[in-house]
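# Fold and contact review
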Amino acid sequence: MPLFPGAASAYRTFRPGLPEAAATLLTDTVRTTPNPVLLDLGTGTGQVPAAVHQAFARIDIIEPDLEMIAEAEKVLRPHLGDTPLGVHHCLAEDFTAPYPGYQANLVTAARAFHWMGQEKVLRLLDGVTAPDAAVAVMGEGSLWTARSAWTNALRELIQTYLGPERRAGTEGTYTRPRRRYEDVLAGSPFSCVEERSLPVSRRWTPKQVLGYLDSTSFAAPDPFCERHAAFQTEALSLLSRHAVDGALSEDAVFTVLLARRPLPLIGD
């Protein structure tokens, strides 16, 4: 079952884009690389390539949700000009190089690595990346994991409708990864890991939060069935009570794990 059924439009409209500091960090990895290639895993509606496309000579996006990748292509094409865009409707684990000799210089997975078979993906990437390529795994959690008065109250309200476990799509529940991303990367071919923590502050209106919830796997409309309208009414009232001058503040940390292969030893 899709994790985000019917959510592509809300995802494009209400999901936060890539923080500017993160975009700068990513483009700096290829600043001296001739004709660099970006491979974006779990692209959603294309937030990462939308933020960094000017630094790349080719972009490939991977997304298993057909509606999502259609939105991504619609968003990206007008901005790319002559830059080639490879659109791959598949799981990251099933990606195949689009042409012989293909090598990505930067691989990104933003807010998506937890949905993947991580070890398998990293083994696959070892065969489709340049020797000095970087793999960037990044994200800042979600409004479900955020801890503030209004996000706590919102999460509790969702739980009164859908139960205590975090939902994942229409029928499933979310299972936390067994290992930290740092440990997964350290055990992969890309074992040299650098961590950057980037503070992020956002202001939401109550209606923007409702739109964001429609884009998530934990509070999309389908699991609520006929109770979704009632949930939205109650959530809007709750959020409006917590808002200050009509706005809700979120302070988060956007973490970027930059992983590379070890440098070869002299004489190897």
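Below, the structure is looked at part by part. (Residues numbered from 1 in each chain as written. Predicted model: local features only at pLDDT ≥ 70, side-chain atom pairs only at ≥ 80, totals over all residues. Heavy atoms only, no water.)

## Some points on the overall build of the chain
Going by this rule: Segments assigned H or I by DSSP are reported as helices when at least four residues long, segments assigned E as strands when at least two residues long, and all are numbered from the N terminus. Within these notes, the globule rule equals 2.2 Å times the number of residues to the 0.38 power, and the radius of gyration is based on C-alpha atoms. Whether a residue is buried, partly exposed or exposed follows from its accessible area with a 1.4 Å probe, protein chains only, as a fraction of its type maximum: under 20%, in between, or over 50%, in that order. Residues count as neighbours in contact if any of their non-hydrogen atoms are within 4.5 Å of one another. In this description, accessible areas are obtained by the Shrake-Rupley approach with a 1.4 Å probe, and a residue is regarded as covered only by the protein chains that are shown. Counting rule for charge: Lys and Arg are taken as positive, Asp and Glu as negative, and neither His nor the chain ends is counted. Each charge is placed at NZ for Lys, CZ for Arg, CG for Asp and CD for Glu.
Scanning the chain from N- to C-terminus turns up ten helices and nine strands. In terms of C-alpha radius of gyration, the chain reaches 19 Å, essentially the compact-globule figure of 18 Å for 268 residues. C-alpha extents for the chain along the principal axes are approximately 65 × 35 × 35 Å. When each of the 268 residues of the chain is scored for burial, the buried share is 51%. Relative to all contacts within the chain whose residues are 6 or more apart in sequence, the contacts with residues 24 or more apart total 79%. Summing over all exposed atoms, the chain offers an accessible surface of approximately 13,100 Å²; the carbon and sulfur share of this is 51%. For the chain, the centre of its 25 positive side-chain charges and the centre of its 31 negative side-chain charges are spaced 3 Å apart.

## As for the pattern of salt bridges
Quick reminder of the rule: Salt bridge, as used here: a side-chain nitrogen of Lys or Arg that lies within 4 Å of a carboxyl oxygen of Asp or Glu.
One pass over the structure, following the stated rule, counts 14 salt bridges. As a salt-bridge pair, Asp60 and Arg58 come within 2.8 Å of each other at their nearest N and O atoms. Assessed through its relative accessible area of 0%, Asp60 is described here as buried. Linked by salt bridges that have partners in common, Arg111, Glu140, Arg202 and Glu250 make up one network.

## A look at empty space enclosed by the protein
The cut-off we apply is this: Within this scheme a cavity is a closed region of a 1 Å grid, computed over the protein atoms alone, that accommodates a 1.4 Å probe without allowing it to escape, whereas a pocket is open but has protein on both sides within 12 Å along at least five of seven lines; lining residues each have an atom within 4 Å of a point. Grid points are joined across faces, edges and corners, and a volume is the space filled by probe spheres set on the points. Charged means Asp, Glu, Lys or Arg here, nonpolar means Ala, Val, Leu, Ile, Met, Phe, Trp, Tyr, Cys or Pro, and polar covers whatever is left, Gly included.
The final tally for this structure, using the stated rule, is one cavity of 30 Å³ or more. The computed volume of the largest cavity comes to approximately 90 Å³. If you go around the largest cavity, the residues you meet are Tyr11, Arg15, Asp40, Leu41, Gly42, Thr43, Gly44, Gln47, Val48, Ala110 and Arg111. Counting only elements with at least two residues in the lining of the largest cavity, the list comes to β1 (37-41) and α3 (47-52). Broken down by class, the residue content of the lining of the largest cavity amounts to four nonpolar, four polar and three charged.

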